[in-house]
Amino acid sequence: QTTKDKVFSFTPEIGDFTDFFRPDQSRIIPLAEENLRANLILAWLAGDYIAPRPDPAFAYNSTQIQLPVIFRNAGLAASDSFTAIFSSTDPNIVNTGNPVQLTPVAAGSSQTGIFDLTLANGITPGTEICGIVRTTVNGNIELVDSVCFLYGNYTAIFTDSVVQNVFPWSGG
């Protein structure tokens, strides 16, 4: 069929064997809350869905760092320009720097944003430091995700440079 847009639909079964097809009224809100995140993600994936991840997730050994974060568009549509804001209540982060402005990201593509962070003095090597990245489009929060990295000296004990460009996977 090529004359109309296609629709992917399904009906998930929720609850347990005691809920049957008509759960008790007291179970409706808990069941809806239990399935909210999965349904939101499915809705977001139909459009643009920007997911932040630290790149790479290795250790830093300075109090002034530039934390690269990859913003991958896992959705089916290109994103608009967006702003990424790093925030944290971690006492090891003294200053989270300015928001990062990013240009539109095509579906399946990614873009790297750099956050200038100031860390506290005297952090114990091996400490995991975490923050929150909020992506906003036109001032509306689109996604909030945690980003963590390690503090200390990075020592590679094994490297493998053979496997390159394994993503994105494609069916054959």
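To be clear, the structure that these remarks concern was listed above.
In this text, all values refer to a predicted model and were calculated from it rather than measured experimentally. (Residues numbered from 1 in each chain as written. Predicted model: local features only at pLDDT ≥ 70, side-chain atom pairs only at ≥ 80, totals over all residues. Heavy atoms only, no water.)

S.K.: Help me out: how do you make sense of the layout of surface pockets in this one?
M.R.: Once rolled over the atoms, a probe with the size of a water molecule shows which space is left empty. Quantified by volume, the largest pocket comes out at close to 210 Å³. Taken together, P12, E13, I14, D16, D19, F20, F21, R22, P23, I28, L31 and A32 make up the full set of residues lining the largest pocket. Taken together, the residues that form the lining of the largest pocket break down as 8 nonpolar, no polar and 4 charged. (1 Å grid on protein atoms, 1.4 Å probe; cavity = no way out; pocket = protein on both sides within 12 Å on 5 of 7 lines; lining within 4 Å. Points joined across faces, edges and corners; volume = space filled by probe spheres on them. Nonpolar A, V, L, I, M, F, W, Y, C, P; charged D, E, K, R; others polar.)

S.K.: Would you take a moment to explain the sheet that holds strand 3 (residues 64-73) for this structure?
M.R.: Strand pairing in a sheet relies on backbone hydrogen bonds. The paired strands run either parallel or antiparallel. One open sheet holds the 4 strands; their spatial order is 1-3-7-5, and the pairing between them is antiparallel. The two strands at the open ends of the sheet, each matched to only one other strand, are strand 1 (50-54) and strand 5 (93-95). For this sheet, the mean angle separating the axes of adjacent strands, direction not counted, is 50°. Note that strand 1 and strand 3 share 5 bridges and pair antiparallel. By the bridge assignment, I50 is partnered in strand 3 with N73. (Pairing = 2+ DSSP bridges. Helix = DSSP H or I, 4+ residues; strand = E, 2+ residues; numbered from the N terminus. Axes fitted to C-alpha atoms, helices over the stretch in contact; angles between N-to-C directions.)

S.K.: What should I look at first to understand the pattern of salt bridges in this one?
M.R.: When the charged atoms of two side chains with opposite charge come close together, those side chains can pair. Within this structure, the stated rule accounts for 2 salt bridges. Taking the shortest distance from any N to any O, the salt bridge between D19 and R27 comes out at 2.9 Å. Residue classification places D19 among the buried residues on the basis of a relative accessible area of 4%. The salt bridge involving D145 is made with R53; its shortest N-O contact spans 2.8 Å. Here R53 lies in strand 1 and D145 lies in strand 9 (residues 140-151), a separation of 92 residues in the sequence. A relative accessible area of 18% places D145 in the buried class. (Salt bridge = Lys/Arg side-chain N within 4 Å of Asp/Glu carboxyl O. Buried < 20%, exposed > 50% of the residue type's maximum accessible area, 1.4 Å probe, protein only.)

S.K.: Explain a nonpolar patch on the surface to me, please; I cannot follow it from the model alone.
M.R.: Together, F8, F10 and L42 line one region of the surface with nonpolar side chains, adding up to about 370 Å² of accessible area. For L42, a relative accessible area of 42% translates into the label partly exposed. (Patch = residues over 30% accessible without salt bridge, like charges linked within 9 Å, V, L, I, M, F, W, Y side chains within 5 Å. Areas by Shrake-Rupley, 256 points an atom, 1.4 Å probe, with all protein chains shown as cover.)

S.K.: I'm lost on the packing of aromatic side chains in this one. Help?
M.R.: Summed over the entire model, instances satisfying the criterion amount to 3 aromatic pairs. Taking 5.7 Å as the distance between ring centres and 65° as the angle between the ring planes, the aromatic pair formed by F71 and F82 counts as edge-to-face. With F71 in strand 3 and F82 in strand 4 (residues 82-87), the pair connects residues that are 11 residues apart, well separated along the chain. Comparing F71 with F82 shows no difference in burial state: the two are buried. Grouped by ring-pair contacts, the aromatic residues F71, F82, F86 and F115 constitute a single cluster. (Phe/Tyr/Trp six-rings, centres within 6.5 Å; stacked < 30°, edge-to-face > 60°.)

By themselves these figures say nothing about function.
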